[in-house]
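Fold and geometry: a report
If you want the building blocks of each chain, they are given just below.
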Amino acid sequence: MQEGNYGLSATISMKRSRNQQIDEVLSTSFSDLDTLTQNAERLEVIAEKFQSHTTEGKENKEYQKMLIELGIASPVSRTDSGKNFIANLMFEIDTFTHEYFLKQGESAILLTDLYSIYNRARGDVVSPREMKDACDLLNSNGRFIGMMNINKSLIVHDREFNLNNFQVAVLQTLQQTKRITCLQIAQHYGIQFVIIKTLMEQLERNEVICRDESEQGTAFYENMFQPYVLHYIN
């Protein structure tokens, strides 16, 4: 019994150490997939070191108990999935992210942030490319989650929280309040400020809204001068 407890403690300790290493790599604040991919080799080395210590115990109850306590109970494996690994990984990410959103009360997250959270829960680290390839399938095959690419920012989101629905919500709010800030929207949705800022900038590029910058900060307004209106004015 003592040996079993020691084995579990040692495995958990190794995973925590591995998580710290992953955090150090991810703490460089990846801005997009390109910079994330540049660090893929370091992440995969960390993963291989951890896996070499846990391969023998993957089939026993002790290892399964540890995974249940720390996150995903039965991670999709490359060996069992074969050529369907990416597709199976997508379904795992879809379910995991959905449950994460429900627990956190969120509806969107940057792919780079999800990569860190997901791998910590999974234990068996997937590469940035595998993560990206799996998430690329979410829009067509996912049940709960989708992914949008807004000016090279990859945002994983609840299916109800997409750019079109976000635009409708912003315009409806502006009809009542006349002006709004990114901080107000971020606080309302409980979503990272950087995501809201990215989405608002996209609406601005689409000429749906316009901004006003002052000493009080940046505020957004509905763009009353749409291109089709200017066409008739000219």
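Residues numbered from 1 in each chain as written. Predicted model: local features only at pLDDT ≥ 70, side-chain atom pairs only at ≥ 80, totals over all residues. Heavy atoms only, no water.

As a further point, take the overall build of the chain. Counting its regular elements, the chain contains 13 helices and five strands. Buried positions account for 44% of the 234 residues belonging to the chain. Across the chain, every contact between residues at least 6 apart in sequence was considered, and the portion connecting residues at least 24 apart equals 59%. Element-wise, carbon and sulfur atoms account for 49% of the exposed surface of the chain, whose accessible area totals about 13600 Å². (Helix = DSSP H or I, 4+ residues; strand = E, 2+ residues; numbered from the N terminus. Buried < 20%, exposed > 50% of the residue type's maximum accessible area, 1.4 Å probe, protein only. Contact = heavy atoms within 4.5 Å. Areas by Shrake-Rupley, 256 points an atom, 1.4 Å probe, with all protein chains shown as cover.)

So, about the pattern of salt bridges. On inspection of all chains with the given rule, the structure shows nine salt bridges. In this structure, Arg 122 engages Asp 124 in a salt bridge whose closest nitrogen and oxygen atoms are separated by 3.9 Å. Connected through salt bridges with shared partners, the residues Arg 78, Glu 92, Arg 122, Asp 124 and Glu 130 form a single ionic network. (Salt bridge = Lys/Arg side-chain N within 4 Å of Asp/Glu carboxyl O.)

Turning to the side chain of Asp 94, a few remarks are in order. With respect to the helices, strands and loops of the structure, Asp 94 is situated in helix 6 (residues 85–104). Arg 159 provides the closest opposite charge to the buried, unpaired Asp 94, separated from it by 5.6 Å. A polar contact of 2.8 Å, which involves the side chain of Asp 94, links it to the backbone nitrogen of Ile 145. (Lys, Arg positive; Asp, Glu negative; His and termini not counted. Polar contact = N/O pair within 3.5 Å; in protein donor to acceptor, adjacent residues only side chain to side chain.)

This next bit is on the confidence of the model for the chain. Taken over all residues, the pLDDT of the chain has a mean of 78, while the share at 70 or more is 66%. The lowest-confidence element of the chain is helix 13 (residues 227–233), averaging 44 in pLDDT; the highest-confidence one is helix 9 (residues 138–141), averaging 96. Confidence drops under a pLDDT of 50 for residues 25–32, and excluding neighbours within four residues, the segment shows 14 contacts in the predicted structure. Note on residues 228–234: pLDDT is under 50 here. Beyond four places in sequence and across chains, it has one contact. (pLDDT = per-residue confidence, 0-100.)

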